[in-house]
Amino acid sequence: MNTNRSLPRRAALAATAAAVGLVLAACGSDNSANTAGTTPATAPASTEADRHNQADVTFAQGMIPHHRQAVLMSDMVATHAASTDVKTLAKKIKKAQASEIETMSGWLKAWGEKVPTGHGMDGMGHGDDDSGMPGMMNDQDMSRLGNAEGNAFDTMFLTLMIEHHEGAIGMAETEKQQGAYNPAKALADDIITSQTAEIAQMRTVLKTG
């Protein structure tokens, strides 16, 4: 500041210093508790549903029609099967997979993604052709299963369902490796565990007749 020691000059400098001091006090000095405007804005925390990737979407959109076909196959058991073991297994498969379809449909809706409406090649000539997915039955396989009866049906059902389960397990393993949505990865783990156990059960039934 100017070193002129004249009284008017010193008075002007003092007035200026006082004004600057008031401004600094209002804004907050180094020792002030006033931190307004000094904290950077942070983005809102992501919800659980936001933390997903394309692998999660692909998993849900693929597994839904896959499960629906398993449910359709299981529905045939009540009127076509001979074995009580097969009937019991089919009820278990239908109950578990129907619940998982509902769960995955909810995820897709929350993500703003399309929920599949069909169940692939279903033996009735309609629905999306998802027969290229792992373990998915084509129209001819489903028709043959629907035309079988008794022990022949049981053998065909178990053979096809083992292949179907193996396909689902492969899809679930991909989700575990590539997915980001924890509930989807947990479901994939459950599918692997439960369907591996069911495959072992079905192979035992096939061996024992």
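Our structure's up above, just so we're on the same page.
Bear in mind the structure is a predicted one, so any value in this text is a computation, not a measurement.

A word on the environment of Q97. By the secondary structure assignment, Q97 is in helix α3 (residues 84-111). Judged by relative accessible area, which is 3%, Q97 ranks as buried. As a C-alpha pair, Q97 and A70 span 27 residues in sequence and 7.8 Å in three-dimensional space. Those residues in contact with Q97 that lie beyond four places of it in its chain are H67, A70, V71, H165 and Q195. Of the polar contacts made by the side chain of Q97, one reaches the side chain of H67; its length is 3.1 Å.

In this section: the side chain of D154. Mapped onto the elements of the fold, D154 is located in helix α5 (residues 150-178). Within the local environment of D154, its side chain forms a polar contact with the backbone nitrogen of A82, the two atoms lying 3.2 Å apart. Leave out the neighbours within four places in its chain, and D154 touches A81, A82, S83 and V86.

Attention now moves to the packing of α3 against α5. Viewed as axis vectors pointing N to C, α3 and α5 meet at an angle of 35°, and their least axial separation amounts to 11 Å. As α3 packs across α5, the resulting crossing turns out to be left-handed. On α5, the residues touching V86, L89, A90, I93 and Q97 of α3 are D154, F157, L158, M161 and H165. Split into classes, the residues belonging to the contact of α3 with α5 amount to seven nonpolar, two polar and one charged.

For any two helices packed against each other, one specifies the inter-axial angle together with the distance between the axes. Interaxial distance between α5 and helix α6 (residues 182-208) falls to 8 Å at its minimum, and their mutual angle equals 155°. Considered as vectors, α5 and α6 are oriented roughly antiparallel to each other. The two elements α5 and α6 cross, and the hand of that crossing is left-handed. Considered class by class, the residues forming the contact of α5 with α6 number 14 nonpolar, five polar and eight charged.

The rules we used
Residue indices begin from 1 for each chain and proceed along its sequence in written order. Per-residue local features are limited, in this predicted model, to residues with pLDDT of at least 70; the limit for side-chain atom pairs, both in listing and counting, is 80 or more; totals at the level of whole chains, interfaces and linings are taken over all residues. As a rule here, side-chain values come from all non-hydrogen atoms in the structure, and water together with hydrogens is ignored. Numbering of helices and strands runs from the N terminus, with a helix taken as a DSSP run of H or I at least four residues long and a strand as a DSSP run of E at least two residues long. Only protein chains enter the area calculation, which uses a 1.4 Å probe; residues under 20% of their type maximum are buried, those over 50% are exposed, and those in between are partly exposed. In this analysis, two residues are considered to be in contact whenever any of their non-hydrogen atoms come within 4.5 Å of each other. Polar contact is defined as a pair of N or O atoms within 3.5 Å, subject to the rule that within protein one atom must be able to donate a hydrogen and the other to accept it, and that residues adjacent in sequence are counted only when both atoms are side-chain atoms. Lines are fitted to the C-alpha atoms to define the axes, a helix being fitted only along its stretch in contact, and any angle between axes, read from their N-to-C directions, falls within 0 to 180 degrees. Handedness of a helix crossing follows the sense of rotation of the near helix relative to the far helix, less than a right angle counterclockwise being left-handed and clockwise being right-handed. Polarity classes work like this: nonpolar for Ala, Val, Leu, Ile, Met, Phe, Trp, Tyr, Cys and Pro, charged for Asp, Glu, Lys and Arg, and polar for all others, with Gly in that last group. Roughly parallel here means an angle under 35 degrees, roughly antiparallel means over 145, roughly perpendicular means 65 to 115, and every remaining angle is called oblique.

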